Amino acid sequence: MVRKLFMNKTLYILLIILLTISCSKKEEVKFEAFSPEAFAYDIGDSWEINATVNVKGFVKKEVGEELSASLEFAVDMIGPDSLKVTNIFRDSKEVTSSELIDVQLEAQFELDYNSPEGLYIITFNVTDTNSGEVTSAEAEFELKK
């Protein structure tokens, strides 16, 4: 009887420990850029290019009651003539919020109206300045007169 009570208590303690451990594990989110989009707008004498990408899995630092993230990004572009332009746009973004899951990065730049028609590829190169990790994502847009 005493042995049975001891085994039951041990079983309950093990069950509680396992539940505590499994519920307290935080799933690591991989640093990644996702859902890239790019659009070209004819504004008369030039093309305006607007592009966005979302980023998640970055390192968050506590700042008082809130969380903070620091990201730097550069945009490269390859034209239909295979000409590559690096760092056509560069920026950084500091975000502080009580809930910080993902961040949207935006790029906006102009191209000469005489740029060749066709498919362009832009690449967002994003760096988490808190961890040094780097990720990238590509989007396409088309110039058509």
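Reading the values: the criteria
- Residues numbered from 1 in each chain as written.
- Predicted model: local features only at pLDDT ≥ 70, side-chain atom pairs only at ≥ 80, totals over all residues.
- Heavy atoms only, no water.
- Patch = residues over 30% accessible without salt bridge, like charges linked within 9 Å, V, L, I, M, F, W, Y side chains within 5 Å.
- Areas by Shrake-Rupley, 256 points an atom, 1.4 Å probe, with all protein chains shown as cover.
- Salt bridge = Lys/Arg side-chain N within 4 Å of Asp/Glu carboxyl O.
- Helix = DSSP H or I, 4+ residues; strand = E, 2+ residues; numbered from the N terminus.
- Buried < 20%, exposed > 50% of the residue type's maximum accessible area, 1.4 Å probe, protein only.
- Phe/Tyr/Trp six-rings, centres within 6.5 Å; stacked < 30°, edge-to-face > 60°.
- Lys NZ or Arg CZ within 6 Å of the ring centre and 35° of its normal.

1. Observations regarding a nonpolar patch on the surface
Here is step 1: Judged by side-chain polarity, Phe39, Tyr41 and Ile43 come together as a nonpolar surface patch covering roughly 290 Å² of accessible area.
Here is step 2: Here Tyr41 is to be found in strand E1 (residues 32-42).
Here is step 3: Relative accessible area serves as the criterion here: at 40%, Tyr41 is assigned to the partly exposed category.

2. With respect to the packing of aromatic side chains
Here is step 1: Tallied over the entire structure, the rule returns 4 aromatic pairs.
Here is step 2: The interplanar angle of 15° and the centroid separation of 5.6 Å between the aromatic rings of Trp47 and Tyr113 together place this pair among those described as stacked. Of this pair, Trp47 sits in strand E2 (residues 46-56) while Tyr113 sits in the loop between strand E6 (102-112) and strand E7 (118-128), placing them 66 residues apart in sequence.
Here is step 3: Taking the relative accessible area as the measure of exposure, Trp47 reaches 4% and is therefore buried.
Here is step 4: Classification of Tyr113 by relative accessible area gives partly exposed; the value is 23%.
Here is step 5: Measuring from ring centre to ring centre gives 6.0 Å for Phe73 and Phe89, while their planes differ by 35°; the resulting arrangement is tilted. Taken together, the positions of Phe73 in strand E4 (residues 66-78) and Phe89 in strand E5 (residues 84-97) put the pair 16 residues apart, joining distant regions of the chain.
Here is step 6: Residue classification places Phe73 among the buried positions, given a relative accessible area of 4%.
Here is step 7: When its relative accessible area of 17% is taken as the criterion, Phe89 is described as buried.
Here is step 8: In this structure an aromatic cluster arises from ring pairing among Phe73, Phe89 and Phe124.
Here is step 9: When the ring centre of Phe34 is taken as origin, the NZ or CZ atom of Lys56, which lies over that ring, is 5.2 Å away.

Keep in mind these numbers describe shape, not what the thing actually does.
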